[in-house]
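For reference, the chains in residue letters:
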Amino acid sequence: MVKIIMHGCNGHMGQVISGLVEKDPDAEIVAGIDVADQGKNSYPVYTNMEECQVEADALIDFSSAKATDALLAYCEKRKLPIVLCTTGLSEEQLAKVEETSKNVAVLKSANMSLGINTLMKLLQDAAKVLATAGFDMEIVEKHHRLKLDAPSGTALALADSINEAMDNQYHYIYDRSQRREMRDDKEIGISAVRGGTIVGEHEVIFAGPDEVIEFKHTAYSKAVFGKGAVEAAKFLAGKPAGRYDMSDVISAK
Ligand SMILES: NC(=O)C1=CN([C@@H]2O[C@H](COP(=O)(O)OP(=O)(O)OC[C@H]3O[C@@H](n4cnc5c(N)ncnc54)[C@H](OP(=O)(O)O)[C@@H]3O)[C@@H](O)[C@H]2O)C=CC1
Ligand SMILES: O=C(O)C1=N[C@H](C(=O)O)C[C@H](O)C1
């Protein structure tokens, strides 16, 4: 039985995971942490992270980048493996994630779904052929009106995956509204759409002379992220310090 602390337990993803774990005989949420105790969880909820000293095997985080610094320090101090799913982290926070992973197991992934993590690999192969042949690459992401960060962490991760396969020759363009020049060969354009209740859509467009190839992933429910996060917590329990990602979880299955 894997014992989990749910950070951001009152939020949309915190509630999805609470529901999934209730039906899972191999996992249990032993405590939640959030800014308030709204009385909607069956486990104890702490509003002061430091006061939560409940024994656990892993912590799952879906909260806010504002909480990330304190959360990393808390998990490092407690030697508590952390599944970090919050997006919108700053460069400084990304460096802190690397530092923390020297002392405790950290699995950071902007998208916990099997589909997106498979797409990342497919895109590397596609880019090696198509970008090398001069195709332009653009990413368009669409999310619900409540999403705070843009572009999505997933859009950035997809771009990074492509860029890594292309020896990091590309730079990212987020806004063309002030530009009066043609697109350059080494850019990946990233555009964000926000509206309604769209769970999450990512399109990667390879546009070449007289032909276009599009890869598209659509999440139809937040459960795809929740399932991945619970699997990640089970995988991470008992792991030594280090940086992990969803490809480690998928290949261990
Ligand atoms: N990696 C992945 O697969 C996915 C990542 N995400 C990311 O996860 C994050 C959360 O998403 P979602 O659940 O939809 O967002 P919500 O806003 O619904 O939930 C976030 C929760 O965290 C709480 N919170 C805010 N600040 C703190 C803090 N300092 N300490 C503790 N809790 C805090 C919020 O409280 P309050 O409402 O009072 O502010 C809220 O209860 C986002 O960054 C999102 O992009 C989302 C889906 C999938
Ligand atoms: O905020 C969300 O909802 C999501 N955020 C993640 C991101 O920023 O990529 C993952 C998913 O697309 C949903």
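Refer to the structure printed above.
Residues numbered from 1 in each chain as written. Chains lettered and ligands numbered in written order. Predicted model: local features only at pLDDT ≥ 70, side-chain atom pairs only at ≥ 80, totals over all residues. Heavy atoms only, no water.

Take the pairing of strand β2 (residues 27–33) next. In terms of burial, β2 is largely enclosed, as six of its seven residues are buried. Bridge count for strand β1 (residues 2–7) against β2 is six bridges, and the pairing is parallel. Looking at the pairing, V2 lines up with A27 of β2. Between β1 and its parallel partner β2, the chain crosses via helix α1 (residues 12–22), and the hand of that crossover is right-handed. Pairing between β2 and strand β3 (residues 45–46): two bridges, direction parallel. Its bridge partner being in β3, I33 is matched across the sheet by Y46. (Buried < 20%, exposed > 50% of the residue type's maximum accessible area, 1.4 Å probe, protein only. Helix = DSSP H or I, 4+ residues; strand = E, 2+ residues; numbered from the N terminus. Pairing = 2+ DSSP bridges. Right-handed = clockwise from strand over helix to strand, strands pointing away.)

With that settled, the discussion passes to the environment of A58. With respect to the helices and strands, the residue A58 is situated in strand β4 (residues 58–61). The class of A58 is buried, set by a relative accessible area of 0%. Taking the C-alpha atoms as reference points, A58 and K239, 181 residues apart in sequence, are found 9.9 Å from one another. Ignoring anything within four residues of it in the chain, the contact list for A58 reads K3, I4, I5, L80, P81 and A233. (Contact = heavy atoms within 4.5 Å.)

With that settled, consider helix α6 (residues 223–236). Its 14 residues give α6 an end-to-end C-alpha distance of 20 Å, which sits within 8% of 20 Å, the value for a rise of 1.5 Å per residue. Positive phi shows up at G238, right after α6, with a value of about 80°. (Expected span 1.5 Å × (residues − 1).)

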